Amino acid sequence: MTFDDLKSGDTIDGPSFAVSRESIRLFCDASLDYNPLHLDDDYMKGSFGKTQFGGIIMHGMNNFGLISRMITDWAHPAGAIHCRLETRWVKPVKPGDTITPAGVITSKQATAKSRWVLIDVLVRNQQDEKVATGEAMVEFPRDAFCA
Amino acid sequence: MPPQAFETDFWKDANLRKSWDEIIPGEPRQTLPYVLTREAIALYCKSVGETNPIYVDEAFAKTTRYGGLIAPPSIHILLMFACTPADDWMRSPGTVNAGQSWSYHLPARPNDIIRLEARALDKFIKRERLFVVHDNVFFNQHSEVICSGRGWTIRPM
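A. Structural view of helix H1 (residues 21–31) of chain A. For H1(A), every residue scored as buried is listed here: A:Ile24, A:Phe27, A:Ala30 and A:Ser31. Take H1(A) and look down its axis: the buried residues cluster within an arc of 120°, on one side only. Looking at the buried residues of H1(A), the elements they touch are helix H3 (60–75) of chain A together with helix H1 (38–48) and helix H3 (76–82) of chain B. A:Leu32 occupies a position one or two residues after H1(A) and carries a positive phi of about 65°.

B. Summary view of the nonpolar core. In this structure, A:Val138, B:Leu78 and B:Leu79 are the most contacted members of the largest nonpolar core, which totals 73 residues. Not counting chain neighbours up to four residues away, the residues in contact with B:Leu79 comprise B:Tyr34, B:Ile114, B:Leu116 and B:Phe138.

C. The environment of B:Leu32, seen in detail. Residue and element names in this part refer to chain B. Tracing the backbone shows Leu32 in the segment before strand E1 (34–35). For the pair Leu32 and His76, spaced 44 residues apart in sequence, the C-alpha separation works out to 14 Å. Once residues lying within four places of it in the same chain are set aside, the contact partners of Leu32 are Cys83, Thr84 and Pro85.

D. Representation of unusual backbone geometry in the model. Positive phi, normally seen in glycine, also occurs at A:Leu32, with a value near 65°. Looking at the secondary structure, you find A:Leu32 in the loop between H1 and helix H2 (41–44). Residue classification places A:Leu32 among the buried residues on the basis of 24 C-beta atoms within 10 Å. In this model, B:Asn111 sits at a positive phi of 75°, which is unusual for a non-glycine residue. Its location among the elements puts B:Asn111 in the loop between strand E2 (96–104) and strand E3 (113–126). In this structure B:Asn111 comes out as exposed when scored by C-beta crowding, with 11 C-beta atoms within 10 Å.

E. Inspection of the environment of A:Thr87 at higher detail. Position of A:Thr87 relative to the elements: it lies in strand E3 (residues 81–89). Its 27 C-beta neighbours within 10 Å are what place A:Thr87 among the buried residues. The contact partners of A:Thr87, leaving out residues within four places of it in the chain, are A:Asn63, A:Phe64, A:Ile67, A:Ala132, A:Gly134, B:Gly99 and B:Gln100.

F. Region of interest: the interface of chain B and chain A. Tallying the contact residues gives 39 residues for chain B and 37 residues for chain A. Counting only elements with at least two residues in the side of chain B that touches chain A, the list comes to H1, H3 and E2 of chain B. No other element matches E2(B), which puts nine residues into the side of chain B that touches chain A. Pairing between E3(A) and E2(B): five bridges, direction antiparallel. Bridge assignment links A:Leu85 to a residue of E2(B), and that residue is B:Trp102.

Thresholds, definitions, all that
- Residues numbered from 1 in each chain as written.
- Chains lettered and ligands numbered in written order.
- Predicted model: local features only at pLDDT ≥ 70, side-chain atom pairs only at ≥ 80, totals over all residues.
- Buried ≥ 20, exposed ≤ 12 C-beta atoms within 10 Å, placed from the backbone.
- Helix = DSSP H or I, 4+ residues; strand = E, 2+ residues; numbered from the N terminus.
- Arc of directions from axis to C-beta.
- Contact = placed C-beta atoms within 7 Å.
- Core = buried A, V, L, I, M, F, W, Y, C linked by C-beta atoms within 7 Å.
- Pairing = 2+ DSSP bridges.

Dropping the structure here:
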(Lines give C-alpha, C1' and ligand atoms only; values in the text may rest on other atoms or scores of the structure.)
Protein backbone atom coordinates (compact mmCIF):
# COMPACT_ATOMS: atom_id res chain seq x y z
CA MET A 1 0.00 0.00 0.00
CA THR A 2 1.35 3.44 -0.94
CA PHE A 3 -0.06 6.96 -0.72
CA ASP A 4 -0.51 7.02 -4.49
CA ASP A 5 -2.52 3.77 -4.43
CA LEU A 6 -5.11 5.08 -2.00
CA LYS A 7 -8.36 6.72 -3.08
CA SER A 8 -11.54 8.09 -1.53
CA GLY A 9 -13.93 5.32 -0.59
CA ASP A 10 -11.23 2.78 0.25
CA THR A 11 -12.17 0.97 3.43
CA ILE A 12 -10.25 -0.17 6.51
CA ASP A 13 -11.50 -3.10 8.56
CA GLY A 14 -10.77 -3.15 12.26
CA PRO A 15 -10.72 -5.99 14.78
CA SER A 16 -13.85 -7.15 16.57
CA PHE A 17 -13.71 -6.76 20.33
CA ALA A 18 -15.86 -8.74 22.76
CA VAL A 19 -16.87 -6.56 25.70
CA SER A 20 -17.25 -8.26 29.08
CA ARG A 21 -17.09 -7.33 32.73
CA GLU A 22 -13.56 -8.70 32.66
CA SER A 23 -12.50 -6.61 29.66
CA ILE A 24 -13.93 -3.49 31.31
CA ARG A 25 -12.14 -4.27 34.58
CA LEU A 26 -8.90 -4.83 32.66
CA PHE A 27 -9.33 -1.44 31.00
CA CYS A 28 -9.81 0.11 34.47
CA ASP A 29 -6.44 -1.33 35.54
CA ALA A 30 -4.71 -0.35 32.29
CA SER A 31 -6.09 3.20 32.14
CA LEU A 32 -6.37 3.86 35.91
CA ASP A 33 -9.90 5.09 35.23
CA TYR A 34 -11.93 3.56 38.07
CA ASN A 35 -15.03 5.70 37.61
CA PRO A 36 -17.98 3.74 39.12
CA LEU A 37 -19.71 4.06 35.73
CA HIS A 38 -17.57 1.06 34.80
CA LEU A 39 -17.60 -0.89 38.07
CA ASP A 40 -20.70 -0.37 40.18
CA ASP A 41 -24.02 -1.82 38.97
CA ASP A 42 -25.95 -0.40 41.92
CA TYR A 43 -24.68 3.11 41.19
CA MET A 44 -25.57 2.68 37.52
CA LYS A 45 -29.19 1.83 38.36
CA GLY A 46 -29.59 5.51 39.23
CA SER A 47 -30.55 8.33 36.93
CA PHE A 48 -28.02 10.57 35.18
CA GLY A 49 -30.21 13.52 34.34
CA LYS A 50 -32.24 12.35 31.37
CA THR A 51 -30.11 9.25 30.93
CA GLN A 52 -30.46 5.86 32.58
CA PHE A 53 -27.82 3.25 31.78
CA GLY A 54 -29.26 0.39 33.86
CA GLY A 55 -25.87 -1.17 34.52
CA ILE A 56 -22.16 -0.63 34.03
CA ILE A 57 -20.89 0.63 30.68
CA MET A 58 -17.58 0.30 28.85
CA HIS A 59 -15.18 3.26 28.92
CA GLY A 60 -15.73 5.50 25.90
CA MET A 61 -11.96 5.63 25.58
CA ASN A 62 -11.90 1.86 25.02
CA ASN A 63 -13.57 2.69 21.68
CA PHE A 64 -10.85 5.27 21.12
CA GLY A 65 -8.11 2.73 21.84
CA LEU A 66 -9.68 0.20 19.50
CA ILE A 67 -9.95 2.73 16.65
CA SER A 68 -6.36 3.82 17.25
CA ARG A 69 -5.26 0.16 17.11
CA MET A 70 -7.02 -0.22 13.74
CA ILE A 71 -5.36 2.91 12.36
CA THR A 72 -1.83 2.03 13.52
CA ASP A 73 -2.14 -1.58 12.32
CA TRP A 74 -3.15 -0.22 8.90
CA ALA A 75 -0.55 2.57 8.77
CA HIS A 76 2.62 1.04 10.22
CA PRO A 77 3.31 -1.60 7.53
CA ALA A 78 3.20 1.18 4.92
CA GLY A 79 5.59 3.38 6.89
CA ALA A 80 2.75 5.76 7.66
CA ILE A 81 2.05 7.49 10.97
CA HIS A 82 -1.19 7.85 12.95
CA CYS A 83 -1.24 11.61 13.64
CA ARG A 84 -4.71 12.52 14.84
CA LEU A 85 -7.95 11.01 16.06
CA GLU A 86 -11.19 12.71 17.04
CA THR A 87 -14.12 10.69 18.35
CA ARG A 88 -17.61 11.15 19.73
CA TRP A 89 -19.58 8.58 21.68
CA VAL A 90 -23.12 8.15 20.41
CA LYS A 91 -24.36 5.06 22.26
CA PRO A 92 -23.18 3.29 25.43
CA VAL A 93 -21.47 -0.10 25.13
CA LYS A 94 -22.30 -2.78 27.70
CA PRO A 95 -20.95 -6.18 28.76
CA GLY A 96 -22.02 -8.79 26.19
CA ASP A 97 -21.70 -6.39 23.26
CA THR A 98 -19.24 -7.02 20.43
CA ILE A 99 -17.89 -3.87 18.83
CA THR A 100 -16.03 -3.47 15.56
CA PRO A 101 -14.28 -0.34 14.25
CA ALA A 102 -14.05 0.53 10.57
CA GLY A 103 -12.72 3.36 8.46
CA VAL A 104 -13.38 4.97 5.07
CA ILE A 105 -10.86 7.20 3.34
CA THR A 106 -12.47 10.54 2.55
CA SER A 107 -9.58 12.49 1.00
CA LYS A 108 -5.84 12.85 0.46
CA GLN A 109 -3.81 16.02 0.75
CA ALA A 110 -0.20 16.92 -0.03
CA THR A 111 1.43 19.78 1.87
CA ALA A 112 4.82 21.42 1.47
CA LYS A 113 6.54 18.82 3.62
CA SER A 114 4.36 15.73 3.69
CA ARG A 115 1.27 13.82 2.57
CA TRP A 116 -1.91 13.13 4.51
CA VAL A 117 -4.87 10.78 4.37
CA LEU A 118 -8.16 11.67 6.07
CA ILE A 119 -10.36 8.85 7.30
CA ASP A 120 -13.90 8.75 8.67
CA VAL A 121 -14.05 6.19 11.46
CA LEU A 122 -16.92 4.54 13.26
CA VAL A 123 -17.52 1.71 15.68
CA ARG A 124 -20.60 -0.52 15.39
CA ASN A 125 -22.04 -3.00 17.85
CA GLN A 126 -23.37 -6.48 17.04
CA GLN A 127 -26.73 -4.98 16.05
CA ASP A 128 -25.02 -2.76 13.49
CA GLU A 129 -25.73 0.32 15.60
CA LYS A 130 -23.17 3.13 15.62
CA VAL A 131 -21.63 3.51 19.07
CA ALA A 132 -18.81 5.91 18.14
CA THR A 133 -17.93 8.12 15.19
CA GLY A 134 -14.96 10.28 14.33
CA GLU A 135 -12.18 11.29 12.01
CA ALA A 136 -8.54 10.23 11.80
CA MET A 137 -5.52 11.68 10.00
CA VAL A 138 -2.55 9.60 8.87
CA GLU A 139 0.74 10.97 7.56
CA PHE A 140 2.55 9.28 4.70
CA PRO A 141 6.06 10.79 4.96
CA ARG A 142 7.90 11.23 1.67
CA ASP A 143 10.75 9.21 3.21
CA ALA A 144 8.46 6.27 4.06
CA PHE A 145 10.26 3.80 6.28
CA CYS A 146 8.61 0.40 6.23
CA ALA A 147 9.44 -1.95 9.11
CA MET B 1 -2.66 -3.85 38.74
CA PRO B 2 -2.48 -0.10 39.39
CA PRO B 3 0.61 1.54 40.93
CA GLN B 4 0.69 0.97 44.68
CA ALA B 5 -0.02 4.58 45.61
CA PHE B 6 -2.88 4.98 43.16
CA GLU B 7 -6.29 5.31 44.86
CA THR B 8 -8.76 3.17 42.93
CA ASP B 9 -11.76 4.16 45.06
CA PHE B 10 -12.89 7.30 43.25
CA TRP B 11 -15.48 8.01 45.99
CA LYS B 12 -12.80 8.45 48.63
CA ASP B 13 -11.75 12.00 47.72
CA ALA B 14 -14.97 12.98 45.96
CA ASN B 15 -15.68 15.83 48.38
CA LEU B 16 -12.28 17.40 47.56
CA ARG B 17 -12.94 17.66 43.83
CA LYS B 18 -14.24 20.72 42.08
CA SER B 19 -17.82 20.69 40.92
CA TRP B 20 -18.96 22.21 37.63
CA ASP B 21 -19.73 25.44 39.48
CA GLU B 22 -16.22 25.59 40.95
CA ILE B 23 -14.23 24.75 37.81
CA ILE B 24 -12.60 27.89 36.37
CA PRO B 25 -11.88 27.75 32.62
CA GLY B 26 -8.26 28.69 32.01
CA GLU B 27 -7.05 27.69 35.47
CA PRO B 28 -4.26 25.06 35.31
CA ARG B 29 -4.96 21.65 36.84
CA GLN B 30 -2.45 20.28 39.31
CA THR B 31 -0.42 17.48 37.70
CA LEU B 32 2.22 14.92 38.69
CA PRO B 33 5.22 13.53 36.77
CA TYR B 34 4.89 9.85 35.89
CA VAL B 35 7.48 7.30 34.76
CA LEU B 36 5.99 5.22 31.96
CA THR B 37 7.07 1.58 32.33
CA ARG B 38 7.20 -1.33 29.90
CA GLU B 39 4.77 -3.12 32.19
CA ALA B 40 2.23 -0.28 32.02
CA ILE B 41 2.52 -0.20 28.22
CA ALA B 42 2.08 -3.99 28.03
CA LEU B 43 -1.02 -3.87 30.26
CA TYR B 44 -2.55 -1.09 28.19
CA CYS B 45 -1.83 -3.07 25.00
CA LYS B 46 -3.52 -6.14 26.49
CA SER B 47 -6.62 -4.14 27.43
CA VAL B 48 -7.30 -3.09 23.83
CA GLY B 49 -5.89 -6.20 22.14
CA GLU B 50 -2.81 -4.54 20.65
CA THR B 51 -0.56 -7.13 19.01
CA ASN B 52 1.90 -4.88 17.15
CA PRO B 53 5.38 -6.06 18.26
CA ILE B 54 6.68 -2.48 18.15
CA TYR B 55 5.19 -2.04 21.64
CA VAL B 56 6.65 -5.14 23.29
CA ASP B 57 9.41 -6.74 21.16
CA GLU B 58 12.59 -4.72 21.53
CA ALA B 59 14.54 -6.57 18.81
CA PHE B 60 11.76 -5.90 16.29
CA ALA B 61 11.29 -2.32 17.46
CA LYS B 62 14.96 -1.58 16.79
CA THR B 63 14.41 -2.34 13.09
CA THR B 64 11.67 0.27 12.75
CA ARG B 65 11.80 4.02 12.12
CA TYR B 66 11.51 4.51 15.89
CA GLY B 67 14.71 2.58 16.73
CA GLY B 68 13.23 1.03 19.86
CA LEU B 69 10.11 0.30 21.84
CA ILE B 70 7.31 2.85 21.81
CA ALA B 71 3.88 3.08 23.40
CA PRO B 72 0.69 3.12 21.33
CA PRO B 73 -0.43 6.66 20.49
CA SER B 74 -3.52 6.25 22.66
CA ILE B 75 -1.39 5.70 25.79
CA HIS B 76 -2.56 9.20 26.79
CA ILE B 77 -5.69 7.41 28.07
CA LEU B 78 -3.52 6.03 30.89
CA LEU B 79 -1.39 9.15 31.22
CA MET B 80 -4.44 11.34 31.92
CA PHE B 81 -5.02 9.53 35.22
CA ALA B 82 -1.38 8.67 35.95
CA CYS B 83 -0.35 12.35 35.78
CA THR B 84 -3.13 13.81 37.94
CA PRO B 85 -3.69 13.68 41.71
CA ALA B 86 -6.57 11.97 43.51
CA ASP B 87 -8.52 15.22 43.93
CA ASP B 88 -8.54 16.00 40.20
CA TRP B 89 -12.08 16.62 38.97
CA MET B 90 -11.63 14.20 36.07
CA ARG B 91 -12.10 11.43 38.67
CA SER B 92 -15.44 12.68 39.98
CA PRO B 93 -17.79 9.67 40.01
CA GLY B 94 -20.40 10.07 37.29
CA THR B 95 -18.14 12.00 34.91
CA VAL B 96 -19.30 10.99 31.42
CA ASN B 97 -16.86 11.27 28.54
CA ALA B 98 -18.63 12.70 25.47
CA GLY B 99 -15.70 12.71 23.06
CA GLN B 100 -12.04 13.58 22.62
CA SER B 101 -9.59 14.71 19.93
CA TRP B 102 -5.85 14.09 20.05
CA SER B 103 -2.87 15.05 17.87
CA TYR B 104 0.29 12.98 18.07
CA HIS B 105 3.78 14.41 17.69
CA LEU B 106 6.34 12.00 19.18
CA PRO B 107 5.72 8.53 20.61
CA ALA B 108 6.03 7.98 24.33
CA ARG B 109 8.65 5.38 25.22
CA PRO B 110 9.36 3.08 28.17
CA ASN B 111 11.08 4.96 31.02
CA ASP B 112 9.98 8.35 29.74
CA ILE B 113 9.21 10.76 32.54
CA ILE B 114 5.89 12.17 31.44
CA ARG B 115 4.70 15.65 32.37
CA LEU B 116 1.21 17.02 31.78
CA GLU B 117 0.04 20.60 31.35
CA ALA B 118 -3.74 20.68 31.60
CA ARG B 119 -6.65 23.01 32.26
CA ALA B 120 -10.35 23.37 31.81
CA LEU B 121 -10.75 25.43 28.66
CA ASP B 122 -14.49 26.07 28.65
CA LYS B 123 -17.71 25.14 30.43
CA PHE B 124 -21.27 25.39 29.20
CA ILE B 125 -24.80 24.04 29.59
CA LYS B 126 -26.49 22.22 26.74
CA ARG B 127 -29.77 20.30 26.86
CA GLU B 128 -29.74 20.61 30.68
CA ARG B 129 -26.34 18.92 30.87
CA LEU B 130 -23.25 20.49 32.42
CA PHE B 131 -20.23 20.30 30.09
CA VAL B 132 -16.56 21.04 30.69
CA VAL B 133 -14.00 21.14 27.88
CA HIS B 134 -10.48 20.20 28.98
CA ASP B 135 -7.23 20.61 27.07
CA ASN B 136 -4.03 18.78 27.74
CA VAL B 137 -0.43 18.54 26.51
CA PHE B 138 1.91 15.69 27.47
CA PHE B 139 5.69 16.23 27.39
CA ASN B 140 8.63 13.86 27.82
CA GLN B 141 11.70 14.46 30.01
CA HIS B 142 13.28 16.50 27.19
CA SER B 143 10.29 18.88 27.18
CA GLU B 144 9.32 17.55 23.76
CA VAL B 145 5.62 17.37 23.02
CA ILE B 146 4.30 13.80 22.89
CA CYS B 147 0.68 14.64 22.17
CA SER B 148 -1.98 17.24 22.74
CA GLY B 149 -5.68 16.77 23.10
CA ARG B 150 -9.04 18.15 24.03
CA GLY B 151 -12.01 16.41 25.59
CA TRP B 152 -15.65 17.08 26.35
CA THR B 153 -17.06 15.70 29.61
CA ILE B 154 -20.56 15.83 31.09
CA ARG B 155 -20.21 16.64 34.77
CA PRO B 156 -22.16 14.89 37.53
CA MET B 157 -25.14 16.97 38.79
